[in-house]
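Coordinate inspection notes
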Amino acid sequence: QVQLVESGGGLVQAGGSLRLSCAASGSIFSINAMGWYRQAPGKQRELVAAITSGGSTNYADSVKGRFTISRDNAKNTVTLQMNSLKPEDTAVYYCNAEDTYYTDHWGQGTQVTVSS
């Protein structure tokens, strides 16, 4: 089993920045890709950014150029640097890890609120 613990998040004004971090523990040897998803009220959970163990990244079109995902394989952490935040970025952000059996593991979620 993989456990994910998120930190960061909070309230920020539009145009500001936040940094989310996620630490993995447990069966970390089985982790392949890691990433961040978000879910706004009344909307489905959506991919924000993902990164493979080899460092390949994938971003949602809505965050390209503003968000950066990075991963430290030695520390088993993944970080999401969010710049130029917009009110529409307001959501609960979830850390995700996909293992080699293609099973998804989730963190508890952290709230990001961007005020206009």
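Note that the coordinates shown come from a computational prediction; the quantities given were computed from them, not determined experimentally. (Residues numbered from 1 in each chain as written. Predicted model: local features only at pLDDT ≥ 70, side-chain atom pairs only at ≥ 80, totals over all residues. Heavy atoms only, no water.)

By the definition in use, this model includes one aromatic pair. Ring centres 5.0 Å apart and planes at 75° place the aromatic pair Tyr 37 and Trp 106 in the edge-to-face group. Of this pair, Tyr 37 sits in strand β4 (residues 31-39) while Trp 106 sits in strand β10 (residues 104-106), placing them 69 residues apart in sequence. Above the ring of Tyr 94, the side-chain terminus of Arg 45 is found at 3.8 Å from the ring centroid. In this arrangement the basic side chain of Arg 45 is found over the ring face of Trp 106, its NZ or CZ atom lying 4.6 Å from the centre. (Phe/Tyr/Trp six-rings, centres within 6.5 Å; stacked < 30°, edge-to-face > 60°. Helix = DSSP H or I, 4+ residues; strand = E, 2+ residues; numbered from the N terminus. Lys NZ or Arg CZ within 6 Å of the ring centre and 35° of its normal.)

Where β4 meets strand β5 (residues 46-51), five bridges bridge the pair, whose relative direction is antiparallel. When the sheet's bridge partners are listed, Trp 36 is paired in β5 with Ala 49. Hairpin connection of β4 to β5: six residues between the antiparallel strands, including Gly 42 at a positive phi of 80°. Pairing of β5 with strand β6 (residues 57-59), which is carried by three bridges, proceeds in the antiparallel orientation. Of the residues in β6, the one forming a bridge with Ala 49 is Tyr 59. The antiparallel hairpin formed by β5 and β6 contains five residues in its connecting segment, where Gly 55 sits at a positive phi of about 100°. (Pairing = 2+ DSSP bridges.)

Further remarks concern the sheet that holds strand β3 (residues 18-26). If you walk across this open sheet you meet the four strands as β1-β3-β8-β7, and the pairing is antiparallel. At either end of the open sheet lies a strand with only one pairing partner, and these are β1 (2-7) and β7 (67-72). With direction set aside, neighbouring strand axes in the sheet form an average angle of 15°. In terms of strand pairing, β3 meets strand β8 (residues 77-82) through six bridges, oriented antiparallel. Bridge assignment links Arg 19 to a residue of β8, and that residue is Gln 81. (Axes fitted to C-alpha atoms, helices over the stretch in contact; angles between N-to-C directions.)

Once that is clear, we can look at the pattern of salt bridges. Two side chains with opposite charge may pair up if their charged atoms get near one another. Applying the stated criterion to the full structure yields four salt bridges. With its nearest N and O atoms 2.9 Å apart, the salt bridge here joins Asp 89 to Arg 38. In this pair, Asp 89 is assigned in the loop between β8 and β9 (91-99) and Arg 38 in strand β4, connecting sequence segments 51 residues apart. Residue Asp 89 is classed as buried on the basis of its relative accessible area, which comes to 0%. Residue classification places Arg 38 among the buried residues on the basis of a relative accessible area of 6%. For Asp 61, the salt bridge identified is with Lys 64, shortest N-O distance 3.1 Å. In this structure, a network of salt bridges that share partners links the residues Arg 38, Glu 46, Arg 66 and Asp 89. (Salt bridge = Lys/Arg side-chain N within 4 Å of Asp/Glu carboxyl O. Buried < 20%, exposed > 50% of the residue type's maximum accessible area, 1.4 Å probe, protein only.)

Let us now look at the state of the cysteines. Throughout the structure, instances matching the rule amount to one disulfide. Disulfide pairing places Cys 22 opposite Cys 95 at an S-S distance of 2.1 Å. Judged by the torsion about the S-S bond (-85°), the Cys 22/Cys 95 disulfide is left-handed. Of this pair, Cys 22 sits in strand β3 while Cys 95 sits in strand β9, placing them 73 residues apart in sequence. (Disulfide = S-S within 2.5 Å.)

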